[in-house]
Amino acid sequence: MNQRNQMFIHFDICIDRLNGAWRTLKTIKEHPGHPLVGSAFRFALVEYAVSYTRSDGPNKERYRLDTRYVPVDFLPRHEHLLASRNQIQAHADLIIFDAKLSYIDHDGQRLVSIGLNNINGFEELPHIDEIILLIEGTLENMYADRDNLKLTLEP
């Protein structure tokens, strides 16, 4: 398969992933007290970010959705979400946690204490409405470009 067609497939997968994140966030708003809200929210943020992280093609091509589809007013929130995904949601960057370790030896045992910032991954939850609007605006821009991209497909 040629690279142009692979790019279209990646583009379509990005649309699907953004729609999945949108559906999850809308469900969270409908059921705010559900015990799985935290896990669902973290999953939605990771799913949102999938489109903007590297995707490897079958012939070592690399694909990634750029920010041209993100509405300009939402770019700061978009960047913040990607940082959250990279440092908190899908990873545990120690810089963010600012952990301090101490220990003492007592009666032949080592007692360890770790103090760190309380980072639970839900810091973005109060911005759920803005995140939903960000995804809707991005999808709107992508759908507008999708028909043009279809015309570039090659046999």
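Scroll up for the structure.
Notes on the structure in this doc start here. Note that the coordinates shown come from a computational prediction; the quantities given were computed from them, not determined experimentally.

## With respect to the environment of leucine 125
Mapped onto the fold, leucine 125 is located in the loop between β4 (109-115) and α5 (128-150). When its relative accessible area of 27% is taken as the criterion, leucine 125 is described as partly exposed.

## Considerations on unusual backbone geometry
Positive phi values are uncommon outside glycine, yet aspartate 107 reaches one of about 50 degrees. Secondary-structure assignment places aspartate 107 in the loop between β3 (100-106) and β4.

## Here's the deal with helix α3 (residues 75-89)
Where α3 is concerned, the buried positions are Arg77, His78, Leu81, Leu82, Ser84, Arg85, Ile88 and Gln89. Looking at the buried side of α3, the elements it contacts are α2 (37-50), α4 (94-97) and α5.

## Comments concerning a nonpolar patch on the surface
A cluster of nonpolar side chains, Leu101, Tyr103, Val112, Ile114 and Leu116, forms an exposed patch at the surface whose accessible area comes to about 530 Å². Looking at the nonpolar patch, the elements that each hand over two or more residues are β3 and β4. Positionally, valine 112 belongs in strand β4. For valine 112, a relative accessible area of 53% puts it in the exposed group.

## Quick look at α2
Taking 1.5 Å per residue as the helical rise, α2 with its 14 residues ought to reach 20 Å, and the 20 Å between its terminal C-alpha atoms agrees with that figure. Its buried side turned inward, α2 meets α1 (3-30), α3 and α5.

Rules and cut-offs
Residues numbered from 1 in each chain as written. Predicted model: local features only at pLDDT ≥ 70, side-chain atom pairs only at ≥ 80, totals over all residues. Heavy atoms only, no water. Helix = DSSP H or I, 4+ residues; strand = E, 2+ residues; numbered from the N terminus. Buried < 20%, exposed > 50% of the residue type's maximum accessible area, 1.4 Å probe, protein only. Contact = heavy atoms within 4.5 Å. Patch = residues over 30% accessible without salt bridge, like charges linked within 9 Å, V, L, I, M, F, W, Y side chains within 5 Å. Areas by Shrake-Rupley, 256 points an atom, 1.4 Å probe, with all protein chains shown as cover. Salt bridge = Lys/Arg side-chain N within 4 Å of Asp/Glu carboxyl O. Expected span 1.5 Å × (residues − 1).

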